[in-house]
Amino acid sequence: MKHTALSKTHKALGAKMVPFAGYNMPVQYEGVTIEHETVRNAVGVFDVSHMGEFLVEGPHALELIQNVSSNDASKLTIGKAQYSCLPNDDGGIVDDLIIYRIKDETYLLVVNASNIEKDWNWISSKNNVGATMRDLSEDYSLLAIQGPKAIEAMQSLTSHDLSAIKFYNFEVGDFAGIEHVIISATGYTGSGGFEIYCKNSEVEQIWKKVLEAGADYGIKPIGLAARDTLRLEMGYCLYGNDIDDTTSPIEAGLGWITKFTKEFTNSKALKAEKEQGPERKLIAFELDDRGIPRQGYDIVDGNGNSIGNVTSGTMSPSLHKGIGLGYVPPIFSSPDSKINIQIRKKTIPATVVKLPFYKQ
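Residues numbered from 1 in each chain as written. Predicted model: local features only at pLDDT ≥ 70, side-chain atom pairs only at ≥ 80, totals over all residues. Heavy atoms only, no water.

Within an unreviewed UniProt entry, the label attached to the chain reads Aminomethyltransferase, and the organism entered is Hyunsoonleella pacifica. Word for word, the UniProt comment on the chain under Catalytic activity (unreviewed entry) is "N(6)-[(R)-S(8)-aminomethyldihydrolipoyl]-L-lysyl-[protein] + (6S)-5,6,7,8-tetrahydrofolate = N(6)-[(R)-dihydrolipoyl]-L-lysyl-[protein] + (6R)-5,10-methylene-5,6,7,8-tetrahydrofolate + NH4(+)". (UniProt positions renumbered as here; feature names shortened; annotations may be inferred.)

K.L.:
Would you explain the overall build of the chain in this entry?
P.N.:
The helix and strand inventory of the chain stands at 8 helices and 20 strands. Over its C-alpha atoms the chain spans a radius of gyration of 21 Å, differing by no more than 12% from the 21 Å that the globule rule assigns to 360 residues. Oriented by its inertia axes, the alpha-carbon framework of the chain measures out at about 60 × 50 × 40 Å. Sorting the 360 residues of the chain into buried and exposed places 57% on the buried side. Taking the contacts inside the chain whose residues are at least 6 apart along the sequence as the reference set, 64% of them involve residues at least 24 apart. Counting only carbon and sulfur atoms, one obtains 49% of the accessible surface of the chain, whose full area is about 15800 Å². Between the mean site of the 36 positive side-chain charges and the mean site of the 45 negative ones, the chain shows a separation of 4 Å. (Helix = DSSP H or I, 4+ residues; strand = E, 2+ residues; numbered from the N terminus. Rg over C-alpha atoms; globule rule 2.2 N^0.38 Å. Buried < 20%, exposed > 50% of the residue type's maximum accessible area, 1.4 Å probe, protein only. Contact = heavy atoms within 4.5 Å. Areas by Shrake-Rupley, 256 points an atom, 1.4 Å probe, with all protein chains shown as cover. Lys, Arg positive; Asp, Glu negative; His and termini not counted. Charge placed at Lys NZ, Arg CZ, Asp CG, Glu CD.)

K.L.:
Got a minute to help me understand the UniProt feature "binding site: substrate" (unreviewed entry) in the chain in this structure?
P.N.:
Sites flagged by UniProt as "binding site: substrate" (unreviewed entry) map to E195. Secondary-structure assignment places E195 in strand β13 (residues 193-199).

K.L.:
Looking at this structure, how should I read the environment of E30?
P.N.:
You can see E30 is positioned in the loop between β3 (23-28) and α2 (32-41). As a C-alpha pair, E30 and K338 span 308 residues in sequence and 37 Å in three-dimensional space. Among all residues touching E30, those that are not within four sequence positions of it are E35 and K220.

K.L.:
What should I look at first to understand helix α4 (residues 116-125) in this one?
P.N.:
Count 3.6 residues to each turn of an α-helix, and residues three or four apart come out pointing the same way. Looking only at α4, the buried set comprises I116, D119, W122 and I123. The buried residues of α4 occupy an angular sector of 135 degrees when projected down its axis, which confines them to one face. With respect to the buried face of α4, the exposed residues turned more than 90 degrees away are E117 and S125. Those residues of α4 hidden inside the fold are in contact with β5 (52-57), α3 (61-68), β6 (81-87), β7 (93-103), β8 (106-111) and β9 (132-135). (Arc of directions from axis to C-beta.)

See below:
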């Protein structure tokens, strides 16, 4: 079991710790609903230092990234970030990731904790152009400061104008008394805020100062359970649930990060799938009656025939109803379509809806 640099801090704060992606991580502190509402209405801070970071450098860095990723990284200028995925050779997804352009020939790839070794091996196997690769995952920490009050609460910690950093843009500068920190206007909650990349030796100081600066704004430490309910209310895919080695970006609704203006791994097959239409689609649904959909539950039609399964589901703290994602044939995928979720012995009616579930 691995530990982040803040593991002892979380335990001292009374966090419930659980194994997650090989790390001992805080799943909750006060409770999922309280933490969820804190991020939606004020500001919270997550330790997500289990995420992986790869540096790809040199004159052939972009060439490698363009080959392995679905989005068009040539559009990135210094200071911009991009959501993308790594297609495999069989129509599925190795991982989803964020790509940062740090300098002209320097890119930072941020990958999921559970896939660090797999992603490293995959990208390395495609690196026949001589790009320089470094795995920084063990040396760097990542804090997500999320919520509508994040800018106001954190402005005193940096000389950079936080309100001027647009969504999916970043600055490298001073934060909480530390130089050369990446301040990124990204996050997985849909409530705004920043992600802070720093060295392990610096994160304790930053964590402490973030909580001090946010005290007047109601800041709280937030666990992974609330991170999951927040991302699901936005309809953001979670690797291992909604996307994996067997799901294509087209059927997962990730056509917007799949750019056929260039060639990349398995791009011909994915382009054909887009033109023909996928055999199934990832949908969002809300339960019409009481119940909580969970991963793996059957989605059934009006006659009780299984037509798919739930990939993510929860009781939405913001909407106070059961919500979920799942794959179904295209005929059931249009908004307002009626489906049913098999919850144990009960068949609960549900309605397909447009994302996001949570609208500010």
